[in-house]
Amino acid sequence: MKQSFRYGMLVTAALVSSIALAPDVFAQDAAGKDWPTPAGSVNGQRYSTLNQINAQNAGKLQVAWTFSTGVLRGHEGQPLVVGDTMFLDTPFPNTVFALDLAHDGKILWKYEPKQDPNVIPVMCCDTVNRGVAYGDGKIFLHQADTTLVALDAKTGKVAWSVKTADSSKGATGTDAPLVVKDKVYVGVSGGEFGVRGWFAAYNVADGKEVWRGYSMGPDSDTLIVPGKTTDLGKAVAADSSVTSWQGDQWKIGGGATWGWKSYDPKTNLIFYGSGNPSTWNPSQRPGDNKYSMTIWARDADTGAVKWLYQMTPHDQWDYDGVNEMVLTDQKIDGQDRRLLVHFDRNGFGYTLDRDTGALLVAQKFDPAVNWATKIDLDPKSPTYGRPELDEKYAPGHNGQDVNSTNICPAALGSKDEQPSAFSPQTGLFYVPTNHVCMDYEPFRVSYTAGQPYVGATLAMYPPKGDTNMGNFIAWDATKGKIVWSDPEQFSAWGGALATAGDVVFYGTLEGYLKAVDAKTGKLLYKFKTPSGIIGNVMTYEHDGRQFVAVLSGVGGWAGIGLAAGLTDPHAGLGAVGGYAALNQYTSLGGALTVFALPQN
Ligand code: CA
């Protein structure tokens, strides 16, 4: 069978030519007929120029075809579409399928890695994987056991494979790689196992490691260039990471990097975030714990750090900073700005200048957030960029073994990894959020390689007086304001899609695929898929027809009780109790559901 990869080649060509043709690169980088990269385009916008499905006709959507993945646990990623082929992968054992779009998803090939099941207990928050990447005629998968494998996109045959880390020490692969030009970028999971996080580039041609930058350690490990790398505009001093820790704790210091990555062709910078410092007991790690909880801007070719910004110094809540970095060109106060927008677990929506790392906006995107009153936005202040804490919501401020209660948000954040979408048409972000608070009691824990290194007991519940555990919101990142907000019974843990038809899509934990009006948030369509949705909605065009697709399969951190069969309310780091009612709405099962308008 002849397969076409012409769109993929066009995308690559467009990217190359757009480097020469900047500044209009982002219009070219929105997804169109294909969905060739996890976020649709390398700027992370999850926006498609397709507009057959629009706010007037979305109510007529129907299911076109479905596909069972044969795997039961949480499906957190999204399919890719390149030409006539769809590629998707599953949670452990990370089976990859190539499906023929000309025949309702007939299987063209299937890749089933052989992995040691001993990796399952060292995956903190279900056995999820956030998707594959495409480039150079290959599909890239970061397996649970930290094997990075390149598959021939036409045949599924292994082109090369490398180990990125040691899963026996608690390092796992759950992230979606990102391909830019001749390199594939990956990060690592294991912040709950004392893994020292890193971010690395490999050659797409042969799997050779090009560079690796650690989240913490000496400058030679982090690839920070003292005197040159900036932190909120100021050059950083030598070994600024090591000096922010006590003793050797940085060696087991966390800062995992399992979130989304984005890329700016104009500056050749790659952006991502790092997660919590280890352990979760803050008394065991005095200092700012740099550079956990940090936004990183690295040179894509060398890994050298251009700028960074630590959002939550000395984290006391597990507010991992790994969520998506969305690159937009928007006006602030009438001035054209090149922005990076990030919705952090800590409940603040940050807007930065992506060339300099200057902090422009930082506001709460859930009014319930109480751990900090505000972020200091005065560039002249000695605490510029730092949160102003409310001590009663800061676990560990009065020692370990003390329970702090009613902290908002909970550890899984006002938003976790479920990615937002941006529409250049409305200028708004569409953000699936959690509306959850917690109790947090830190206790002393000792480090054993490959064993959980957490040291905290948690309980989770909705904010006082509320019954909804989530909201799907529209956000103006130039002002730091919620424009509209749709409540959800459970967290909105499925990633959003924005389209030129002014329709926005997202999935819910009970299993609904929802389409809402981009301008008002009005519900246009909903359909209950076979299981809860923690995957991300995408769209593509085949044979002149627009399709919308999403993976369902409940699980992830919020759904860990269902996924792993846990009932102790404190299990799953407190999520099992918080989301206990979910089992009245849905059950396990991985399935793809593809939607389209009826053919006349
Ligand atoms: Ca974490």
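Remember, predicted model here, so these are calculated numbers, not experimental data.

Along the chain, the regular secondary structure elements total five helices and 40 strands. Its C-alpha atoms put the chain at 65 × 55 × 50 Å along the principal axes. Considering the chain as a whole, with its 600 residues, one finds that 67% of them fall into the buried category. The long-range fraction of contacts in the chain, counting pairs at least 24 apart against all pairs at least 6 apart in sequence, stands at 62%.

Considering the arrangement of structural elements, one finds Val242 in the loop between strand S16 (234-235) and strand S17 (262-264). Val242 sits 26 residues away from Met216 along the chain, and the two C-alpha atoms are 6.9 Å apart. Once residues lying within four places of it in the same chain are set aside, the contact partners of Val242 are Gly217, Pro218 and Trp250.

An order of S3-S4-S5-S6 is seen for the four strands of this open sheet, with the pairing classed as antiparallel. Strands with a single pairing partner mark the edges of an open sheet, and in this sheet they are strand S3 (80-82) and strand S6 (106-111). Pairs of neighbouring strands in the sheet enclose a mean axial angle of 20°, with direction left out of account. As paired strands, S3 and strand S4 (residues 85-89) are joined by three bridges and run antiparallel to one another. Pairing of Val82 across the sheet is with Thr85, part of S4.

What follows is about the confidence of the model for the chain. The predicted model of the chain has a mean per-residue pLDDT of 94, with 95% of residues at 70 or higher. Averaged pLDDT values for the elements of the chain fall to 38 in helix H1 (residues 6-21) and rise to 99 in strand S19 (residues 294-299). Contacts of residues 1-27 to residues separated by more than four positions or lying in other chains number 42 contacts, the stretch itself having pLDDT below 50.

Moving on, we come to the packing of aromatic side chains. Evaluation of the coordinates by the stated rule reveals 32 aromatic pairs. Residues Trp317 and Tyr319 carry aromatic rings whose centres are separated by 5.5 Å and whose planes lie at 5° to one another, so their mutual orientation is stacked. The exposure class of Trp317 is buried, given its relative accessible area of 0%. Given the relative accessible area of 0%, Tyr319 is considered buried. Over the aromatic face of Trp198 sits the side chain of Arg212, whose NZ or CZ is 4.0 Å from the ring centroid. It is Lys526 that lies over the ring of Tyr512; its NZ or CZ is 4.5 Å from the centre.

What follows is about the pairing of strand S30 (residues 437-442). Of all six residues that make up S30, five are buried, and the element is covered over most of its length. Strand direction decides the pairing type here: strand S27 (residues 404-407) and S30, joined by two bridges, are antiparallel. Opposite Ser404, over in S30, you have Tyr440 as the bridge partner. In terms of strand pairing, S30 meets strand S31 (residues 456-461) through six bridges, oriented antiparallel. Residue pairing for S31: Cys437 is matched across the bridge by Tyr461.

Now for unusual backbone geometry. Here the amide bond leading from Phe92 into Pro93 is cis, since omega sits at 15°, within 30 degrees of zero. Within the secondary structure, Pro93 sits in the loop between S4 and strand S5 (96-100). Pro409 follows Cys408 through a cis peptide bond whose omega is 0°. Residues other than glycine seldom take positive phi values, yet Lys181 does so here, at roughly 50°. Topologically, Lys181 is positioned in the loop between strand S11 (178-180) and strand S12 (183-187). For Lys181, a relative accessible area of 37% corresponds to the partly exposed category. The residue Asn406 is not glycine, and still its phi comes out positive at about 60°. Look at Asn406 and you get partly exposed, because its relative accessible area is 24%.

Now for the environment of Pro395. Residue placement: Pro395 occurs in the loop between strand S26 (387-389) and S27. Accessibility expressed as a relative area gives 0% for Pro395, which makes it buried. For the pair Pro395 and Ile407, spaced twelve residues apart in sequence, the C-alpha to C-alpha distance is 8.9 Å.

Sheets are built from strands paired through backbone hydrogen bonds, the pairs being either parallel or antiparallel. Pairing is mixed in the open sheet, where five strands are placed in the order S1-S34-S35-S36-S37. Looking at which strands have only one partner, the edges of the open sheet turn out to be strand S1 (47-48) and strand S37 (523-528). In this structure, S1 lies alongside strand S34 (residues 497-499), joined through two bridges in parallel fashion. Bridge assignment links Tyr47 to a residue of S34, and that residue is Ala498.

Analysis parameters
- Residues numbered from 1 in each chain as written.
- Predicted model: local features only at pLDDT ≥ 70, side-chain atom pairs only at ≥ 80, totals over all residues.
- Heavy atoms only, no water.
- Helix = DSSP H or I, 4+ residues; strand = E, 2+ residues; numbered from the N terminus.
- Buried < 20%, exposed > 50% of the residue type's maximum accessible area, 1.4 Å probe, protein only.
- Contact = heavy atoms within 4.5 Å.
- Pairing = 2+ DSSP bridges.
- Axes fitted to C-alpha atoms, helices over the stretch in contact; angles between N-to-C directions.
- pLDDT = per-residue confidence, 0-100.
- Phe/Tyr/Trp six-rings, centres within 6.5 Å; stacked < 30°, edge-to-face > 60°.
- Lys NZ or Arg CZ within 6 Å of the ring centre and 35° of its normal.

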